[in-house]
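Listed here are the chains, written in short residue letters.
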Number of protein chains: 4
Amino acid sequence: MVDRDAVKKILGTQSIELPSWAFGNSGTRFKVFAQQGVPRDPYEKIADAARVHAHTGAAHKVALHIPWDNVDSFTDLGKAAADAGIELGTVNANVFQDDDYMLGSVTNPDPRIRAKAIDHLLACVDVMDQTGSRDLKLWFSDGTNYPGQDNIRARQDRLSEALHKVYDRLTGDQRIVLEYKLFEPAFYTMDVPDWGTSFAHCLQLGERAKVCVDTGHHAPGTNIEFIVAFLMRAGKLGAFDFNSRFYADDDLIVGAADPFQLFRILFEVVTAGGLDADSEIAFMLDQCHNIEPKIPGQIRSVMNVQEATAKALLVDTDALTVAQNAGDVLGANAVLMDAYNTDVRGLLGDLREEQGLDRDPIAAYHRSGYAEKIAAERIGGHQAGWGA
Amino acid sequence: MVDRDAVKKILGTQSIELPSWAFGNSGTRFKVFAQQGVPRDPYEKIADAARVHAHTGAAHKVALHIPWDNVDSFTDLGKAAADAGIELGTVNANVFQDDDYMLGSVTNPDPRIRAKAIDHLLACVDVMDQTGSRDLKLWFSDGTNYPGQDNIRARQDRLSEALHKVYDRLTGDQRIVLEYKLFEPAFYTMDVPDWGTSFAHCLQLGERAKVCVDTGHHAPGTNIEFIVAFLMRAGKLGAFDFNSRFYADDDLIVGAADPFQLFRILFEVVTAGGLDADSEIAFMLDQCHNIEPKIPGQIRSVMNVQEATAKALLVDTDALTVAQNAGDVLGANAVLMDAYNTDVRGLLGDLREEQGLDRDPIAAYHRSGYAEKIAAERIGGHQAGWGA
Amino acid sequence: MVDRDAVKKILGTQSIELPSWAFGNSGTRFKVFAQQGVPRDPYEKIADAARVHAHTGAAHKVALHIPWDNVDSFTDLGKAAADAGIELGTVNANVFQDDDYMLGSVTNPDPRIRAKAIDHLLACVDVMDQTGSRDLKLWFSDGTNYPGQDNIRARQDRLSEALHKVYDRLTGDQRIVLEYKLFEPAFYTMDVPDWGTSFAHCLQLGERAKVCVDTGHHAPGTNIEFIVAFLMRAGKLGAFDFNSRFYADDDLIVGAADPFQLFRILFEVVTAGGLDADSEIAFMLDQCHNIEPKIPGQIRSVMNVQEATAKALLVDTDALTVAQNAGDVLGANAVLMDAYNTDVRGLLGDLREEQGLDRDPIAAYHRSGYAEKIAAERIGGHQAGWGA
Amino acid sequence: MVDRDAVKKILGTQSIELPSWAFGNSGTRFKVFAQQGVPRDPYEKIADAARVHAHTGAAHKVALHIPWDNVDSFTDLGKAAADAGIELGTVNANVFQDDDYMLGSVTNPDPRIRAKAIDHLLACVDVMDQTGSRDLKLWFSDGTNYPGQDNIRARQDRLSEALHKVYDRLTGDQRIVLEYKLFEPAFYTMDVPDWGTSFAHCLQLGERAKVCVDTGHHAPGTNIEFIVAFLMRAGKLGAFDFNSRFYADDDLIVGAADPFQLFRILFEVVTAGGLDADSEIAFMLDQCHNIEPKIPGQIRSVMNVQEATAKALLVDTDALTVAQNAGDVLGANAVLMDAYNTDVRGLLGDLREEQGLDRDPIAAYHRSGYAEKIAAERIGGHQAGWGA
């Protein structure tokens, strides 16, 4: 039997990291639709992130994206975050928007450009030193569009060299989390296309290099929870970038496209100790609110992760193991589905109430007047987006 | 036996329409990398398109995109094209970049926005009246990102109403060609996601409405040549948007990702009469040269279509039919492969020579100094892109 | 507000048709694992199907597969079904297991084989005359494995001719429901690969020809509920073959792989009147219980459809329409998700109790001793499978 | 400049291993169509394999599948092969067709069944000791069909234990080559679904464990040549199972579905030294000739690999490197395509002539009368298939 109070207690400790860029404008190559009240600088992004935390109690950190979130003083930015009740989290490097990077950054055939990219990555570690961030998230858009365009193996050599340079720069508990992606923006090869590639490089780097699983970065039909289970067994799962997708890297709200998949992923996380006190897995959102308002989009995302986690925690693992070991296919599946089919919204409402929050974060946000306030105040200036 | 002279003669009549926007900058949501010498207005685009025709002899038309290619006088633009040796072709409507269209254009729940979108489509027919274009190409980015966001059936009703209004406005030999696309920019539903949807609407509209097959707009594993064969049998194939893809709508150079597929598609076209003198099928390119130079990118694309067509024409259809009717699986396949495995570059070189062109269009372009000339001349102004 | 009693009432009228072959052995090309107690003839299959109905109250019909379910007297078989409390339903034709059909049945290049296949289809209508079945389900394994193997258009001509011959043979309220499938067993082309192909043929046949949607027969990323909505709007949705899949045509228990997708499909069915009293849509299961016991596998499948239907009925469509028309993306999605996140098992338990059934059909089945009984009794003879 | 004589010389050393099971009957779960003249025992399979070698000069080895190819004396079988001019090659283990393996073999929750499976694997090494085979090919059908059915991590533990037991049994230059597969026959998880999983286990095992890449075992959109390049760089590519596919694991003739992909794969092999004299990569076919005759199907397959290899060898790698390093996207692609577009059939014809073979192996086979001979002689007995 599962103890609902124990479940609630664990849920009360869960922490989901928000991406600062989720509050800026985003879109597709066809169009970026601007929204009202969008932040114009990193401080306003942090204010919005803090708002998500205020309503959910579960979003203690906000990840930065460099150079988008460059400020004069990261100490000041960290102080602003602390004042708003949150912390600065993962630092995300960006080596995909300079004109120099058209044919790659750290894997570019031109050594000058590679050096420039590595310099940026090292500068990101400098930022981490100032913000106290543990993780440097590396995603490389590097790849090729046409067969023959570049040498696949040579690019791996260059990638390996760059990763080692950055890894060697880490100090203390700093880590590299290396993201993989099947395609986009490169359309023939990506230099880190799958978990195996990331895993192999992390193995060579050492203990402080881990794989980052972005739930939208896989080929159709890929079983993501298998990858999660495998990486956890190998001690190499470092972070999640949560979002959801029907087709490619749609970057929709996590849990919106396939809530059952999210549950299965979190079930593997939970049963392998990923929510334990000593777990080092970072649970981040990485999404694009192209057409929906961004703050409630983030609130809903946090809630979706919470609901999936609650269901994962409600699985009667004793009964499950018995059925599994007996080869009872339908019985084992039924144990899992019993948890999934449970309506956990009441349980999470109770938790929020205990935390002094409204049972319904979305309704509370709408009542708060914050949306109207930022729409009125944030006039003029340059709205944040993927270019800044 | 296949008569190579007859093949060459047919190849000499082939015409591939270029998209004006291929000469402007394009990219992904992550970054648009600017290139040197990019046109700053529709006249410069036409100059570049004419250059492609000058080297290939096979690209007599250039398609326009409205409003990107709006000019004060389409008569003047048509004259500029004629002076450069080409013609204005298909008019492509754009109802996806106005802020109003965030939740759809002709299928938007808001009737005001639907009316605005229809007005634009009708204005495109006005342009056709001026340019003498036969085809109005309709691609709708309309769709939804989240389950429940809108009513799928109601959106079909709205789509149908808009299509009828535009169809009723056509005169003479004007046609609608209705494109479909699996996903992007919408990520849950597209209102015209597949050929079946386009086909059903075209059937209801009438004779002058046809399906446009964009080779990059299908789900993984879709057999495109089957769709082509089916639509030709039904008299409903109106146009191609040629490009190629490994993953999603990559918009790479046609034939770059899967030249065998392009050959199979053109084999269905050829054998169903799609290259006959009375064929009304428009063969267009629709690509993005994100990282490669645009003019040679278009030249290469035209050559790839020519090479695939040449191979398709070389299939010994008599021998093929004999093998097919005998149930000789390997024999029939071998007849097809025999044509595909033929090196047709000499044949096409001969054709070009007969046409007074260089055997090697790419080399001739590079020798011409045109690239250096436009890079030097086109300084200042605003480079064309997807936003204009 | 949704009226839960009204929902329960509609659920009480729902009827899900079972496939007789689900009770026989099935497997993959690698191995068919035999199970204990598997039926050895159509009468035993009907007994098992009746058992599913006895526990669920929602499976009134069993579909036949000819020749697998050929018996001396269909009158007797129908009587046996009636005695067991169920009816004979859809007749499924089989033109894929005779050695003659290696290169196709109705689309075979050999006219003798085409005639043989058509004869079988007509014989299936004879069976329908005897069983009183309304629907002839046609699935053609026909297709090709290699490019060039046969003429795609010629095969469509042959298909069309065969369909017309069968359609002309129908009388009364008899219907053809034409299934489509992306691939398998043919690996290059299928002659009816997608809904568009089935739809186009059904349009040409007439009112009594409808499309059958097998939920496992689509390309990755296909939005099945869109197809359902489109076909219902066009009056051309005839039947479902329910099952679920992670990869290809996995034929798993419906709702097992993506319960949210099943809910979305049923939401489109419900809102378009597919559960109304005059609806002619057949809701069939078509699955393979390769490794799980078959009768509880079928019971679970029926329950999964019921649960998804219950959730679909619980959607507050008034609130949904308001949010949709207001362009409230998150609000509209939330209305849908509110229903999906509801635990409907209690509601269905209540319904069963009202119907005099056990609240938990699976538990009741296990208590019944039926599994042990058939394992003990069905010794000797030849277990039913896909070959009989 | 590429030296065509040097290319021909390398081609003359190429060796492609045939699968004994390709000569037996195969099919889909829907139907296995029997063919005339199919072998009834391993000796007849070897005779057929030798025939393929006799016409191509490039198929020196035949792989065995245990227990399908069990014989009283492998010494005698090896002698028969030698007499026919070929050798016995890779030993393929089979732990997927015993009734015990319904829920897995080496990963089964039942320790008795795991022990049985391991015993079989060890027995396969015994066979290798007798045949002198270097490679034990391991493909596990193990996996689960339903979420929750078994513990993903526990199954990895069991897999690892089994692999170590077998690895420890190897002697001399014996190797394990571990195959991966996305899905089928398991439909939710496969225990070795992707190259990363195989790679990770091989790393843990040691030097004599390598990854086997089956070209049909990937998710849609997977870039196989990237995997090949990555594994060769890591020294972990052990073997290929060549075949081709449009959808899932179609097992069609290699090069039949996407000849350009095969060329790209072989280009990575060639440039990383995979055809060098000291290369340990095994180039195997693994296909199903479901509807085409098997011996010419194998001949065509060997020829397709040869043609793709010839094109790969014709790439002007000096020019390619220059273009790549200059960032000349179109130029680099053109160098690659120049080789691909070359008709290499004449070159291979010349090679065969030098080897004393007919220029056209297919025509020579058809003239030989072998097909008629085996159809006449192999009457009675039990045709070989996947069950034996």
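The model shown is predicted, which means the values in this text are computed figures rather than measured ones. (Residues numbered from 1 in each chain as written. Chains lettered and ligands numbered in written order. Predicted model: local features only at pLDDT ≥ 70, side-chain atom pairs only at ≥ 80, totals over all residues. Heavy atoms only, no water.)

> Describe in detail the overall build of chain A, supporting the description with residues and values.
Of the regular secondary structure elements, chain A holds 14 helices and 10 strands. Over its C-alpha atoms chain A spans a radius of gyration of 21 Å, differing by no more than 12% from the 21 Å that the globule rule assigns to 388 residues. C-alpha atoms of chain A, sized along the principal axes, occupy 60 × 55 × 40 Å. A total of 388 residues make up chain A; the buried ones form 69% of that total. Of the contacts made within chain A by residues no fewer than 6 positions apart, 78% connect residues no fewer than 24 positions apart. For chain A, the accessible surface area stands at approximately 12,100 Å², while carbon and sulfur atoms represent 49% of it. (Helix = DSSP H or I, 4+ residues; strand = E, 2+ residues; numbered from the N terminus. Rg over C-alpha atoms; globule rule 2.2 N^0.38 Å. Buried < 20%, exposed > 50% of the residue type's maximum accessible area, 1.4 Å probe, protein only. Contact = heavy atoms within 4.5 Å. Areas by Shrake-Rupley, 256 points an atom, 1.4 Å probe, with all protein chains shown as cover.)

> Tell me about the state of the cysteines, residues and numbers included.
Residues and elements named next belong to chain B. Scanning the entire structure with this criterion turns up zero disulfides over all chains. Looking at C288, it has no disulfide partner, and the nearest cysteine sulfur is the one in C212, 15 Å off. On the accessibility criterion, C288 (3% relative accessible area) is buried. (Disulfide = S-S within 2.5 Å.)

> I'd love a proper account of the environment of F30(C), names of residues and values included.
Examined against the element boundaries, F30(C) turns out to sit in the loop between β1 (17–19) and α2 (42–56). Separated by 241 residues in the primary sequence, F30(C) and T271(C) place their C-alpha atoms 42 Å from one another. Setting aside residues up to four positions removed in sequence, F30(C) forms contacts with F96(D), Q97(D), W139(D), K181(D), E184(D), P185(D) and W386(D).

> Residues and numbers for the environment of P147(A), please.
When you line up the elements, P147(A) lands in the loop between β5 (143–144) and α5 (152–169). Along the sequence, P147(A) and T189(A) sit 42 residues apart, while their C-alpha atoms lie 8.3 Å from each other. Once residues within four sequence positions are removed from consideration, P147(A) is found in contact with Y188(A), F246(B), A256(B), F260(D), R264(D), N333(D) and L336(D).

> Can you break down the pattern of salt bridges residue by residue, with the values?
All names here are of chain D. Scanning the entire structure with this criterion turns up 136 salt bridges over all chains. With a closest N to O distance of 2.7 Å, D129 and R169 form a salt bridge. Placement of D129 in helix α4 (residues 111–131) and of R169 in helix α5 (residues 152–169) is noted, with a sequence separation of 40 residues between them. With relative accessibility at 23%, the residue R169 sits in the partly exposed group. (Salt bridge = Lys/Arg side-chain N within 4 Å of Asp/Glu carboxyl O.)

> A description of the relation of the copies chain B and chain C should follow, citing residues and the corresponding values.
Superposition of chain B onto chain C requires a rotation of 180 degrees combined with a translation of 0.0 Å along the rotation axis, giving an RMSD of 0.0 Å. The superposition operator between the copies reduces to a two-fold rotation axis. Across chain B, the smallest distance between a C-alpha and the rotation axis is recorded for G196(B), namely 2.0 Å. Of all interface residues in chain B, 100% are interface residues in chain C too; the two copies therefore contact each other through one and the same surface. (Least-squares fit on C-alpha atoms with pLDDT ≥ 70 in both.)

> Tell me about the interface of chain B and chain C, and please be specific about residues and values.
Each partner contributes residues to the interface: chain B has 51 residues there, and chain C has 51 residues. Here chain B meets chain C over a buried area of about 4,100 Å², counting both sides, of which 63% is carbon and sulfur. In terms of surface lost to chain C, no three residues of chain B exceed R153(B), F226(B) and R233(B), which account for 18% of the buried area on that side. For the interface between chain B and chain C, the tally reads two salt bridges. Put simply, R233(B) and D157(C) hold a salt bridge, and the shortest N to O gap is 2.6 Å. Among the secondary structure elements, those contributing two or more residues to the side of chain B that touches chain C are α5 (152–169), β7 (189–190), α6 (195–205), α7 (224–233), α8 (259–271), α10 (317–325) and α11 (329–340) of chain B. The greatest single-element share of the side of chain B that touches chain C, amounting to seven residues, is contributed by α6(B). Here the side of chain B that touches chain C is built from residues that sort into 24 nonpolar, 17 polar and 10 charged. (Buried area = accessible area lost by both parts, 1.4 Å probe. Nonpolar A, V, L, I, M, F, W, Y, C, P; charged D, E, K, R; others polar.)

> Can you tell me about the pairing of strand β6 (residues 175–179) of chain D, naming the residues and giving the values?
Residue and element names in this part refer to chain D. Counting buried positions along β6 yields five of five residues, so the element is predominantly enclosed. Neither face of β6 is open: one carries R175, V177 and E179, the other I176 and L178, and all of them are buried. Looking at chain direction, strand β4 (residues 135–138) and β6 are connected through four bridges and run parallel. Along β6, the bridge assignment pairs K137 with V177. Note: β6 against strand β8 (residues 209–214), four bridges, orientation parallel. Within the sheet, the bridge partner assigned to E179 lies in β8 and is C212. (Pairing = 2+ DSSP bridges.)

> Give me the lowdown on the interface of chain D and chain A, citing residues and values where you can.
Each side of the interface is counted separately: chain D has 51 residues, and chain A has 51 residues. Here chain D packs against chain A, burying approximately 4,100 Å² in sum over the two surfaces, 63% of which is carbon and sulfur. By the criterion of area lost to chain A, the three top residues of chain D are R153(D), F226(D) and R233(D), representing 17% of everything that side buries. If you look at where chain D meets chain A, you find two salt bridges. The tally of links from chain D across to chain A stands at 15 residue pairs in polar contact (both at pLDDT 80 or more). Breaking the side of chain D that touches chain A down by element, the ones donating at least two residues are α5, β7 (189–190), α6 (195–205), α7 (224–233), α8 (259–271), α10 (317–325) and α11 (329–340) of chain D. A total of seven residues in the side of chain D that touches chain A trace back to one element, the largest contributor, which is α6(D). Here the side of chain D that touches chain A is built from residues that sort into 24 nonpolar, 17 polar and 10 charged. (Polar contact = N/O pair within 3.5 Å; in protein donor to acceptor, adjacent residues only side chain to side chain.)

> Could you give an account of the packing of aromatic side chains, with specific residues and numbers?
The full count for this structure, using the stated rule, is 84 aromatic pairs over all chains. Ring geometry for F30(C) and F96(D): centres 5.7 Å apart, planes at 85 degrees, overall edge-to-face. With F30(C) in the loop between β1 and α2 and F96(D) in the loop between β3 (87–93) and α4, the pair connects residues from two separate chains. There is no split in this pair, since F30(C) and F96(D) are both buried. Where F263(C) meets Y340(C), the ring centres are 5.2 Å apart and the plane angle is 45 degrees; that geometry is what we call tilted. Here Y340(C) lies in helix α11 (residues 329–340) and F263(C) lies in helix α8 (residues 259–271), a separation of 77 residues in the sequence. Take F263(C): its relative accessible area is 1%, and that puts it in the buried class. (Phe/Tyr/Trp six-rings, centres within 6.5 Å; stacked < 30°, edge-to-face > 60°.)

> Run through the side chain of T144(A), naming residues and quoting values.
Residues and elements named next belong to chain A. Residue placement: T144 occurs in strand β5. For T144, a relative accessible area of 3% puts it in the buried group. Not counting chain neighbours up to four residues away, the residues in contact with T144 comprise Q149, D150, R155, A186, F187, Y188 and T189.

> A description of the side chain of K294(B) should follow, citing residues and the corresponding values.
All names here are of chain B. Mapped onto the elements, K294 comes out in helix α9 (residues 294–313). Comment: no salt bridge for buried K294; closest opposite-charge side chain is E292, at 7.4 Å. Leave out the neighbours within four places in its chain, and K294 touches A22, F23, G24, N25, S26, Q35, V38 and H289. (Lys, Arg positive; Asp, Glu negative; His and termini not counted.)

> Let's hear about the relation of the copies chain D and chain A: which residues, and what values?
Turning chain D through 180 degrees and shifting it by 0.0 Å along the axis lays it on chain A, with an RMSD of 0.0 Å. Residue by residue, 100% of the interface of chain D is reproduced at the interface of chain A, so both copies engage with the same surface.

> Got a sec to walk through the pairing of strand β3 (residues 87–93) of chain A? Specific residues and values, please.
All names here are of chain A. The buried fraction of β3 is high, at six of seven residues. Bridge count for strand β2 (residues 61–66) against β3 is five bridges, and the pairing is parallel. Looking at the pairing, L64 lines up with V91 of β3. Taken together, the two bridges between β3 and strand β4 (residues 135–138) define a ladder with parallel strand orientation. Note that in β4 the partner of V91 across the bridge is L136.

> Break down the confidence of the model for chain A for me, with residues and values.
Residues of chain A with pLDDT of at least 70 account for 100%, and the chain-wide mean is 97. Across the assembled chains, the prediction reports ipTM 0.97 with pTM 0.98. (pLDDT = per-residue confidence, 0-100.)

> Report on helix α11 (residues 329–340) of chain A, specifying residues and quantitative values.
Helix length check: α11(A) (12 residues) gives 17 Å between terminal C-alpha atoms against 16 Å at 1.5 Å per residue, within 8%. Buried residues dominate α11(A), accounting for 10 of its 12 residues. Looking at α11(A), one finds that the buried residues are V329(A), L330(A), G331(A), A332(A), N333(A), V335(A), L336(A), M337(A), A339(A) and Y340(A). In the core, the buried residues of α11(A) are packed alongside α8 (259–271), α9 (294–313) and α10 (317–325) of chain A together with α8, α9 (294–313) and α11 of chain C. (Expected span 1.5 Å × (residues − 1).)

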